[in-house]
Structures are given as structure tokens and as C-alpha cells.
Amino acid sequence: MSELQLKDLYDGFRNPEVIAGFAKLIKQEATKLIRPINIMEVCGGHTHSIMKFGLPQLLPDNINFIHGPGCPVCIMPKERIDHAYILAELEDTILVTLGDMIKVPGSRGSLQDARAKGADVRFIYSPLDALKIARENPEKKIIFFAIGFETTTPMTTSLIDIVIKRDIKNIFFHINHVTVPEVMVELIDSRDEHVDSYNNRIDAFLGPSHVSVITGSKIYEKFPREYNRPVVVAGFEPVDVMEAILMIVKQFNEGRCELEIEYKRLVSHDGNLKAQTLIEKYFEKASLFKWRGLGNVAKSGYKLKDIFAHLDAEKIYADILPKEEIEDHKLCICGDILRGMAKPQECTIFGTACKPQSPLGSCMVSSEGACAAYYKYGNLI
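So, a few notes on the structure that sits alongside this text. Quick caveat, the model's predicted, so the values are computed rather than measured.

Remarks on the pattern of salt bridges
Any two side chains of opposite charge can pair, on the condition that their charged atoms come close. Inspection of the entire model under this criterion finds 20 salt bridges. In this structure, Arg-80 and Glu-314 form a salt bridge, with 3.5 Å as the shortest nitrogen-oxygen distance. Within this pair, whereas Arg-80 is found in helix H4 (residues 78-88), its partner Glu-314 is found in helix H13 (residues 313-316), the two being separated by 234 residues in sequence. On the basis of relative accessibility, which here comes to 15%, the residue Arg-80 falls in the buried class. Overall, the relative accessible area of 27% leaves Glu-314 in the partly exposed class. Here the salt bridges share partners, and the residues they tie into one network are Glu-254, Arg-256, Glu-258 and Glu-260.

So this is what it looks like as C-alpha cells:
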């Protein structure tokens, strides 16, 4: 018997014949729709797959994708990136973060720029890698600039748990973890008087897959119930996405508005309860978290509980970390793109002043951002 290869696990979910079969079924169902529908994929991983595999070209004209804010690097505001830059410049300090964060520009430059000027900035694949760095550099402060949605939050809390249990004295945390449901609400029912969310064009959501493995599908129950928006939790592969779209179209045709799971091979209703317990042990919701391109969103970010303030770099260095908000480029329309009110190519600086190597807006700063995906796979549109 031949050894199982990684590609054996996903080949079936990228099978062109299966994708074409779903496209045919979707087109048949779409003829019954009484109006066009706009489906937001919240997660940047979905955006990347949708563009990479050319899925919009397989769908009828009355089904449209809206690309959401589900890229934790893209939504990081400049002032928080400035925090990381300033902390990296501190004497006897090593700033560690996940790799995508290195190139994202703040007002002072990127962490890559800080490293070029002599700061000790290191990217890691797992938060637990910080343990080895701390052990090898006992005389230095290791500051972990933690980012990500619910998917990566448990990894940070696992590191915190180890730091406390082992009484490690030289690891500290700058927490930038955000949560999905609150920003989904913001997109369709903003409480910000400056935001006209009631003109949003979102009819349904593709629920994130990896986030939902941690949280369970239960976090989306209010959207069909309170906002009349169906949610289908989908995997990242093109077959997953196409099946989820078919499920959404059928809901509209059958007069249903429900929460469904397409990604049943990994997502349950309750999610990973052990991970959730660890998050609740160390974190609480911050009153506000600013999302680049969207503004301040209530209860959408985590912070360390006060009892763990001795580990909180944001509190320890509060006197040197700026609090003023920094606006994005005036010509950037990422806010409208994230709300489904514009497409990337409608931006006047898309592909000219704003490119992946010199991003000006939130949607271009990571490969999972909508503008970056359009820039890379634009030939498929």
C-alpha cells in the first residue's frame, strides 16, 4: 500500500469535474432566484481561494462575492504597528511576531524596516517558539506581538499558560487578537453615526472555517435570527466554497434563513471547549478595537485580564506607546470594499500607488486581503 501524501487529502476538494458539477447545480438553482444575492466571505483564506481558483467566473451574474475583513494582518491599524516598532527599538529587547506582520507598514515604517535599522525583530511560526528564544536570551526581554482571529488566540493563551506555570520572567505580550462576530455585526448594523452600514449589500455570509473549529458554529446563530442573514460555515477548498454557495442559494429559493455547516469534517456546533476555556481564563474583551479600514468596533478585540498586567507590554510601556489614531491614505476606499460597496479595481490607487510591495490600504497589506488577491489573480477576472 502506497504511503499517504498530503495532496491525497485535498485533491478531491480541487477536482475540476466536481467543481464544474457544483457550478452547474448552482446555475440551475440561480435561475429561480427572484433577485441577485451578494455573499460575503468573511475570511481572507476564502478570498484567496475564490480568486486563485477563478470561482467568480463559474457563477451566474446574479450571484456576487463581497470580500470581508477576515485577514488579521490587513485590519491591524497603523498605531498598533507603531507600538510594535517602538517596542522593537527598546534596548535589550527582542520583538517576536508571526511572519505576515513583518512587512505591514505603520506610520514609522514596517517591522522589516525596524530590523534593517538594527532592531532585533524575529518572525516565528508558532507562539511557543518564543520559549526557546527566551531561554537562549535570559538577559533580554522577549515581547510577543500577538495577532490573529479566534484561530490563533488559543496558541497565545497556551504560551501565557506556560509562562505563568514555569514562572518565566522575560516574556511579555502585546495582545492584538480580534473576534469575528462583532465585526460581522458592524458590517450590517453599525452603531457608528459616521458609517452608513444600512446601505450595505450583504445578503448572506460564508462563515470562516478555521475560526469555527475553535469557536463552534454557535457564534453565528444570531445572524439568521436577528439580522435575517443566512450563514454557511465553509471549508477553504474550492469544492467546499461551491457547495456552500449552493446551500445558500437553496436557502433563498426555499424561503429559509438558517445557520448551516458545510465544513462538517472539522466544525461542530460547540467547537473546541478546551481552547475556549483557556481564552476565558486569560483574556477579556476590550471595550473597543480599531480595525484598519473600518474604525472602532465595540467588544471585537481581546486584552489580558488585569490580574496578568505584569505580562502586558501595552500597560508596562504605556508611557511611550502613542494613543492617537492614525488615518489611512485619503484615496483609499478599503472601508467601502470591506462593506461590499466597492470592488478593488474601483479604487483610483489600486495597482498604481498601492501594490503588495508598497501597500497604502488595509486590503493590500497581506496576500489574504481582497486587493492583494485581485492584484495577484486579476488575470482570472
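Comments concerning the sheet that holds strand S6 (residues 171-177)
Spatial ordering of the open sheet is given by S4-S3-S5-S6, a layout of four strands whose pairing is parallel. Since the sheet does not close on itself, it has two edges, and those belong to strand S4 (120-124) and S6, each with one partner. Within this sheet the neighbouring strands show an average axis-to-axis angle of 20°, counted without direction. Across five bridges, strand S3 (residues 93-98) lies against S4 in parallel orientation. Residue pairing in the sheet places Ile-94 in a bridge with Asp-120 of S4. Contacting S3, S4, strand S5 (141-148) and S6, helix H6 (residues 129-136) runs over the sheet at an angle of about 145° to S4. The strands touched by helix H7 (residues 153-165) within the sheet are S5 and S6, with S6 carrying the most contacts at an inclination of about 160°.

Scoring rules and cut-offs
Residues numbered from 1 in each chain as written. Predicted model: local features only at pLDDT ≥ 70, side-chain atom pairs only at ≥ 80, totals over all residues. Heavy atoms only, no water. Salt bridge = Lys/Arg side-chain N within 4 Å of Asp/Glu carboxyl O. Helix = DSSP H or I, 4+ residues; strand = E, 2+ residues; numbered from the N terminus. Buried < 20%, exposed > 50% of the residue type's maximum accessible area, 1.4 Å probe, protein only. Pairing = 2+ DSSP bridges. Axes fitted to C-alpha atoms, helices over the stretch in contact; angles between N-to-C directions. Contact = heavy atoms within 4.5 Å.

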